[in-house]
Structure formats: C-alpha cells, structure tokens
Amino acid sequence: MFGKLLKNDLKIQFHGMYVLLFIVLVITAVAELAALFAKLGNWQNAGLIRAIGGTLAWVVLLFACFVIVGAVGVSFSKTVFGRSGYLTLTLPVKTSSLVRSKTLSGLIWVWLVYVAFLTSLFLWMMEMQDVIGEGTISAAGGVLQALGLPSFRMLGYSIGGLLVYLLAFVFLLVQCLYFGITLANVRPFSKLGGFGAVLYFLIVFGILTGVAQAFGRMLPIGFVGTESGLVFTSDVALSAAGAGVVVVRRTMDIVFEIVFAVLLHFPMTYLINKKVNVA
Amino acid sequence: MDLITAENLTKSYGSNTVLNNLNFTLPAGEVIGLFGPNGCGKTTMMKILTGLIHDYEGTVKIKGEVPGEKTKAFISYLPEQSFVHDWMRNVDAVNYYADFFRDFDRERALKMLEHFHLPLKQKCKSMSKGQQEKLVLSLVLSRRAELYILDEPLGGVDPAARNDILEFIMNNYAKEATLLISTHLISDLQSVFTHAVFLGNGQVLLNESAEDILAEGKTVEQRFMEVFAHVW
C-alpha cells in the first residue's frame, strides 16, 4: 500500500509543479545550449553569451529551489487539509503512512531540484574557467584547484558528501515545512492562517538546524578526505589541520538533522490524527 | 443488529457545543435519514463516523471498531464538496479509487460514468459542479461498502435532476449495506428512508423507524415539522 501512496503522491505533487519545472527546464536548457553553441561555433561575443547563459541557468534554478519548497508545501496543505483531504484522510491507511509517503515524495522533488541547481552552478564554474569542449579534462584540473580540490577523487568525495548533506538538509526542511503547515491547522495556532504556516516553519526549521549544528560542533566527529582516501576522525577540526587534507565533513550535524526530521514525524502524525479537522 | 453505537458523544468548536452528550444506536441494513436544520451537527457527526474528526468526547463505534483505518475500509463517504483533484481526468479518479479500495468495482464505475455521459479523458477542472458531483457519486457507489455515508447528496442538484440522482443512488448501493444520508430536503427523500434520525440543539430528538412514524399516521416530514416546531 505504501508503494501506491508514494506513486500517487509523486503524481499529485508533479501536477502541482510541472509548469514550474517545465519553465525552468526550458530556460536552463536554452541558456546552457546557447553557451555551448557559442563556444563550439566561435560566435562573436561568445564569452559574454556563455557567461550570461551559464549565469541565467543557475539563477533560474536557484529561484526554483525556493519555489519548489512552496509548491511542495501547497500540495501537502491542499491534499491533507483542503477539500482533497476528504479523500486522503478517508483512505484505509495509517496516518503515519500518509505522512511518510508525502515526506518522501516531497524530499525527492526538492532534492532533485537542489541537485540540478548545484550541477548548473558547477557547469557555470567550468564555463568561467573556459573548459567546455576539447580541453575539458585537462582544464578541469584548473577548476578543481580553484575549488580547493587537487584531484577528481577529491571531487568525488566532496560531491558525494555534499549530496548526502543535502539529502539530510532537505529531509529536515520538508519535515519542518509539513509540521509548520500542520500546526497552522490546529487551534489556537490556526488563527494566523497561511502566514502562520510560514512562520512556524521558519521558527522550527531555524531552531532545529541551529541545534543540529551546535551539537555537531560539540561532537566534531566526521570524515576528512586525503589523497589516500576517506578517514574517519573524532575531531575534524584537528584532522583538517593535517597535511594533504582537503575534504572535511562533520557527521553529527547530518545525523542530528536526520534524527530531528524523523522525530518531527510523530507530533505531526499525532496532530493530524487527533487535533486537525478537515474544513 | 446495531451497526453504530455512540455513548456520551460531545463535540464542541470553541464555546459552541454542536453535539451534546449524545447516546444512540443505528441499525444495520437500513436506509437512514439524518435530518436537521443547517448547523445542527449532521456533517460533524458524519465526519466523526468517517474518522475525519477525532477531538470529540465520548465513544463511537462502528461494527465494534473506533473510527479509523479498519472502519475506513468498509465505509464509503460522499462529502458535501467534491474532493477530486482538479488535474485528474475521470479515468485518473477511477484509477485512484481502484488503487486504494479493495471493494471498488472498476467496471461498475466505468458504467456509471457512461450513464452520466462523463468521458473518461475529461479533466475535472473542465467539468461543471454538477458533473463533478456525479463523478464523485459514481466513485462512492462503485464500492461494495458495508456503510455508505452521503452528506447532502442532493444539495447541489437542481430539482429536475433530484429524482434521477436519488433513483441512481437507490439502484446502485450495495443492498445488504447501510445507507446513512443527511439532508434537509425531507420531502424529496422521505419515500426511501426506512429509519429517521432528527438532530437539533445538539441532541438526538428522534431515532425511530419510518414504519413506526407511519404507524402514527404521519409522514417523516410531518413528524419533522412537529419535532422542530418545539425546538426552534
């Protein structure tokens, strides 16, 4: 049953944001292709076109990073607390399954857009380093050095770590968003309406990310990347000072973000189960 | 045999008590009319039965179960407003129901859509309110449920179409099931009810079989006027 829930939630959320995704896709594709053709065709003002194209792509995707969060939130609000809630909440499934499915589908959409944004940013940096085309591989080294990464291996560690960190971040983001919306549908918190949902989300998200980072600093275990591989260390700050260390990633921030996101599931399910009345 | 039991059921919205310490049972296998003026708590009671409202006092049981995951599997609910997503086509709505309700009869649903002249590929947002109501009614009645809860099924239907819709409901619900219908259109529906519940002032003012009411030489509507003349 969870598979069916997830399938339908992905579909429902897609229908709430496909216009945005389509516009972003078109603008990004046109911008990137213009940059590529300008380079390959050796157009007049090719450098300017490439710079504008690459910049436009990541700016649009940065914008999409914010809008997608709003779109996922609106979808959650409509399907649980709006008139579609009559259908959602009368399905013969546990409320916790409903929440899990909506969280996972929201996480997938937001994470994909965030990854697309980071990819566009990376492509833009390569553009700026003039590495698209024949000299890609050799020139990529210059980009890596600019990023403080001496090799592709380091790049792999860095991107891998970033994607995992992003996943935890988006997980907490989506849970806080859903929690804020849920709280805004429970009396007396409902008095502030939609504004309340945004406010509760920002407060809860701010507090929990702050606490996660504080705990992360108190327990500075994590990974450092060197040319010989990834090394687990009990103090990333101390290890980062060592020779050849390039990638540093604190682990406990991520762990606490995931723990907080998981813990938010329970009060949210309780509120939907016991306190929320579908209007 | 009783299907629904409520003990000391109370539900308030802030300081407004809509259902006040209700105690009642409702029989299985009947067509039950839930009558009362606007704001008397009909929809609230239906939401409690369907598991949409939880913050009430007292106990409610349907087939011995508190409204929840288990009862949702055998209750088919028609709310006052359409719940289908705007982007859905009729066929998407049918597929959605087929995904989640084991008692959903897909072939039956398709026949009902055909009966109402609703094309499978038509999107909900391009449909009139009346067409959307017909779609939702088709979905709800295509389930082989044990309890159908219909909240004002004729509320948005023009007088000319009411008889058709009513006939459609009576011909298509699972005959061994219980049908609970709320309405304020008593005169249109009184011929089909086998049991009547009057709700007013937060109380169950009457809970009798239609046979008993008729035995008194009165119609359900006359009894309604009599009861509510004392209340309002």
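For every chain, the first residue of its written sequence is number 1, and the numbers climb from 1 along that sequence. Lettering for chains starts from A, numbering for ligands starts from 1, and both go in the order in which the items are written. At least 70 in pLDDT is required for a residue's local features to be given in this predicted model, at least 80 for side-chain atom pairs to be given and counted, and no such filter applies to totals for whole chains, interfaces and linings, which use all residues.

### Some details on the overall build of chain A
Labels follow the DSSP assignment, with helices taken as runs of H or I lasting at least four residues and strands as runs of E lasting at least two, numbered in each case from the N terminus. A tally of helices and strands in chain A yields 9 helices and 3 strands. Going from the N terminus to the C terminus, chain A shows its helices and strands as α-α-α-α-α-α-α-β-β-α-β-α. Within chain A, the proportion of its 279 residues that are buried is 37%. Whether a residue is buried, exposed or partly exposed follows from its count of other C-beta atoms within 10 Å of its own C-beta, namely 20 or more, 12 or fewer, or something in between, respectively; the C-beta atoms are built from the backbone.

### Thoughts on the domain arrangement of chain A
Reports of interface size often rely on the accessible area that becomes lost once the parts have come together. Residue and element names in this part refer to chain A. The domain limits used here are those given by an automatic or database domain assignment. By the assigned domains, chain A splits into domain 1 (1-147) and domain 2 (152-279). Listed per partner, the contact involves 22 residues of domain 1 and 20 residues of domain 2. Secondary structure elements with two or more residues in the side of domain 1 that touches domain 2: α2 (46-81), α3 (85-88) and α4 (95-128). With 11 residues, the single largest contributor to the side of domain 1 that touches domain 2 is α4. When its residues are assigned to classes, the side of domain 1 that touches domain 2 shows 14 nonpolar, 7 polar and 1 charged. For the purpose of contact definition, each residue receives a C-beta atom placed from its backbone, and two residues are in contact when these atoms lie within 7 Å. Residues are sorted three ways: Asp, Glu, Lys and Arg are charged, Ala, Val, Leu, Ile, Met, Phe, Trp, Tyr, Cys and Pro are nonpolar, and all the rest, Gly among them, are polar.

### Remarks on the confidence of the model for chain B
Known as pLDDT, the predictor's confidence for each residue is given on a scale from 0 to 100. Predicted confidence across chain B gives a mean pLDDT of 87, with 98% of residues reaching 70 or more. Complex prediction metrics read pTM 0.84 and ipTM 0.83.

### Quick word on the sheet that holds strand β5 (residues 75-78) of chain B
Residue and element names in this part refer to chain B. Strands qualify as paired when DSSP identifies two bridges or more between them. Pairing is mixed in the open sheet, where 6 strands are placed in the order β5-β6-β7-β3-β8-β9. The two strands at the open ends of the sheet, each matched to only one other strand, are β5 and β9 (203-209). Neighbouring strand axes in the sheet, compared pairwise and without regard to direction, differ in orientation by 15° on average. Across the sheet, helix α1 (residues 42-49) lies against β3 (31-35), β6 (147-151), β7 (178-183) and β8 (195-200), angled at about 150° from β6, the strand it touches most. Note on definitions: angles span 0 to 180 degrees between N-to-C directions of axes, and those axes are lines fitted to C-alpha atoms, for helices only across the stretch in contact. Packing against the sheet, helix α5 (residues 129-141) makes contact with β5 and β6, and its axis sits at approximately 170° to β5.

### Describing the environment of D105(B)
All names here are of chain B. Looking at the element boundaries, D105 is found in the loop between α3 (90-100) and α4 (106-115). Taking the number of C-beta atoms within 10 Å as the measure of exposure, D105 has 17 and is therefore partly exposed. Taking C-alpha positions, D105 is 23 Å from E80, a pair spaced 25 residues apart along the chain.

### Looking at unusual backbone geometry
Omega for the peptide link from R187(A) to P188(A) comes to 5°, which places this bond in the cis form. Within the secondary structure layout, P188(A) lies in the loop between α6 (152-183) and α7 (193-218). In this model, N8(B) sits at a positive phi of 50°, which is unusual for a non-glycine residue. Following the sequence through the fold, N8(B) ends up in strand β1 (residues 2-13). The class for N8(B) is exposed, based on 12 C-beta atoms found within 10 Å.

### Quick word on the confidence of the model for chain A
With 83% of its residues at a pLDDT of 70 or more, chain A has an overall mean of 82. Averaged pLDDT values for the elements of chain A fall to 60 in helix α5 (residues 136-146) of chain A and rise to 92 in helix α9 (residues 252-274) of chain A.

### Considering the interface of chain A and chain B
Contacts between the two partners involve 19 residues from chain A and, on the opposite side, 19 residues from chain B. Those elements giving two or more residues to the side of chain A that touches chain B turn out to be α1 (2-40), α3 and α9 of chain A. Counted by class, the side of chain A that touches chain B contains 8 nonpolar, 6 polar and 5 charged residues.

### Regarding the packing of α4(B) against α5(B)
All names here are of chain B. Between α4 and α5, the least distance of the axes is 9 Å, while the angle of their chain directions is 155°. In terms of axis orientation, α4 runs roughly antiparallel to α5. Note on packing geometry: the crossing formed by α4 with α5 is right-handed. Judged by residue contacts, A109, M112 and L113 of α4 engage S138, L139 and L141 from α5. Note on angle classes: values under 35 degrees are labelled roughly parallel, values over 145 roughly antiparallel, values of 65 to 115 roughly perpendicular, and the remainder oblique. With the far helix as reference, a near helix turned anticlockwise by less than a right angle produces a left-handed crossing, and one turned clockwise produces a right-handed crossing.

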